[in-house]
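Observations on the three-dimensional arrangement
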Amino acid sequence: MKKKLKNISAGMLILCFAFISACGGGSGGGGTTDLGSGSGESDSVFTPYSITFDKNDGLASGIMEKYAVKSKSLLLPTCKFKKTGYVFKGWATNSGGGVVYLNNAPAPYSENDLVLYAVWTEPVSGAAGTAAADFDYFEVNGEITITKYTGSDTDVTIPPTIEAKPVTALYSSGNSVSAVFYNNTTLTLVVFPDSLTSIGDSAFANCESLTQIDLPDSVTSIGDFAFSDCYSLTQIDLPDSLTTIGGYAFADCRRLAILEIPKTVTTITANPVAGCSVLREIKVHPENKHFIIQNGVLLTFDAKKIIAYPAGKSGTVYICPDTVTSIGDSAFANCESLTQIDLPD
């Protein structure tokens, strides 16, 4: 007896040519900037206030406009101040205080106007890597999280240590525009340290000149849209340490032909290769107990959910297995060769 198909993600089965939604957004500047975010908070219960940014050092340069805040939900802007020979670490709430807020972090709610003070630190060159001065970062529990690459090199080696502490993560603030290498169109090569465990959302999104990714065996998670829209990317080597692949992690990588999923991966939140128009094959390690390949299509191990149909796969007709009860987000996105999909009753 055939099972009923219980769940089809809206539009992703019938509209196989659907584009993936662009990830993230940003806020503008100029004059007094309105940071109202449309969060749904009632203006009648919200008291507008402003944030002034202070360089906090006579040697620092640059200008940041006062921000008028009109809702409870917003992200702080990227620091535009510069201080020669120093690294911006974050914002303090008083001139001698420590870091309270990072670049692009959620801003505080206040009934009064605020002043945030830049916190500076002397850079330390990363061991065997790009100078730490080219990165914004913060330290938590003895580990370094990189928040932004500020240099201009086309080949970047992420240092294994900064300030004698291991670099373990590329930060995700929830805003793609503020991601570590977002929209770095000249970046061609990145060397990752063996200390790295986490790559945040959109970390390398829109790095259209990046051609290859070779991750160390230390990496356990790749965030949503992490390498999306890397148009020149032809090769991705995923490590055996990897457990989580975020939704659309490699979406719209137009030259990527094959993706191999290691045996350690337990979570894939949505089609990681949606919109990869020449992707002809997805492979899953035979010892993986969470995902399988059937007729070239990625499914959950119990064959109840379709995760991804390779957009470059040949054939015009796909017959879903009788076991399938749901179809994941964007599972059939950009499958231009398909003319017919047969679902179980």
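Residues numbered from 1 in each chain as written. Predicted model: local features only at pLDDT ≥ 70, side-chain atom pairs only at ≥ 80, totals over all residues. Heavy atoms only, no water.

Right, let's talk about the pairing of strand S22 (residues 297-300) for a bit. Side chains of S22 alternate between two faces, with Val297 and Leu299 and Leu298 and Thr300 buried alike. Bridge count between strand S21 (residues 291-294) and S22: four bridges; the pairing is antiparallel. By the bridge assignment, Ile293 is partnered in S22 with Leu298. Between S21 and S22, which pair antiparallel in sequence order, lie two residues; one of them, Asn295, sits at a positive phi of approximately 55°. The pairing of S22 with strand S23 (residues 305-308) spans two bridges and is classified as antiparallel. By the bridge assignment for S23, Leu299 is matched with Ile306. Between S22 and the antiparallel strand that follows it, S23, lie four residues; Ala303 among them carries a positive phi value of about 60°. (Buried < 20%, exposed > 50% of the residue type's maximum accessible area, 1.4 Å probe, protein only. Helix = DSSP H or I, 4+ residues; strand = E, 2+ residues; numbered from the N terminus. Pairing = 2+ DSSP bridges.)

A word on the packing of aromatic side chains. Going through the model one piece at a time under the given rule, you end up with 14 aromatic pairs. Note on Phe135 and Tyr149: the rings are 5.3 Å apart at their centroids and 55° apart in plane angle, and the pair reads as tilted. Taken as a pair, Phe135 in strand S7 (residues 135-140) and Tyr149 in strand S8 (residues 143-149) lie far apart in primary sequence, 14 residues in all. You'll find Phe135 and Tyr149 in the same group, each marked buried. With centroids separated by 4.8 Å and ring planes inclined at 10°, the aromatic side chains of Phe181 and Phe204 adopt a geometry described as stacked. (Phe/Tyr/Trp six-rings, centres within 6.5 Å; stacked < 30°, edge-to-face > 60°.)

This brings us to the confidence of the model for the protein chain. With 80% of its residues at a pLDDT of 70 or more, the protein chain has an overall mean of 83. Here residues 1-43 scores under 50 on pLDDT; set against residues more than four positions off or in separate chains, the count is 94 contacts. (pLDDT = per-residue confidence, 0-100. Contact = heavy atoms within 4.5 Å.)

Moving on: the nonpolar core. With 51 residues, the main nonpolar core has Phe181, Phe192, Ile199, Phe204, Ile222, Phe227 and Phe250 as its most contacted residues. Those residues in contact with Phe227, other than ones at most four positions away along the chain, are Phe192, Ile199, Phe204, Leu210, Ile213, Ile222, Ala249, Phe250 and Cys253. Core analysis: the second largest hydrophobic core is formed by 17 residues, Tyr67, Leu76, Trp91 and Trp120 among them. (Core = buried A, V, L, I, M, F, W, Y, C linked by side-chain atoms within 4.5 Å.)

Right, let's talk about the side chain of Asn184 for a bit. As for its placement among the helices and strands, Asn184 is situated in the loop between strand S11 (165-170) and strand S12 (189-191). Residue Asn184 is classed as buried on the basis of its relative accessible area, which comes to 15%. A polar side-chain atom of Asn184 sits 3.2 Å from the main-chain amide nitrogen of Leu187. (Polar contact = N/O pair within 3.5 Å; in protein donor to acceptor, adjacent residues only side chain to side chain.)

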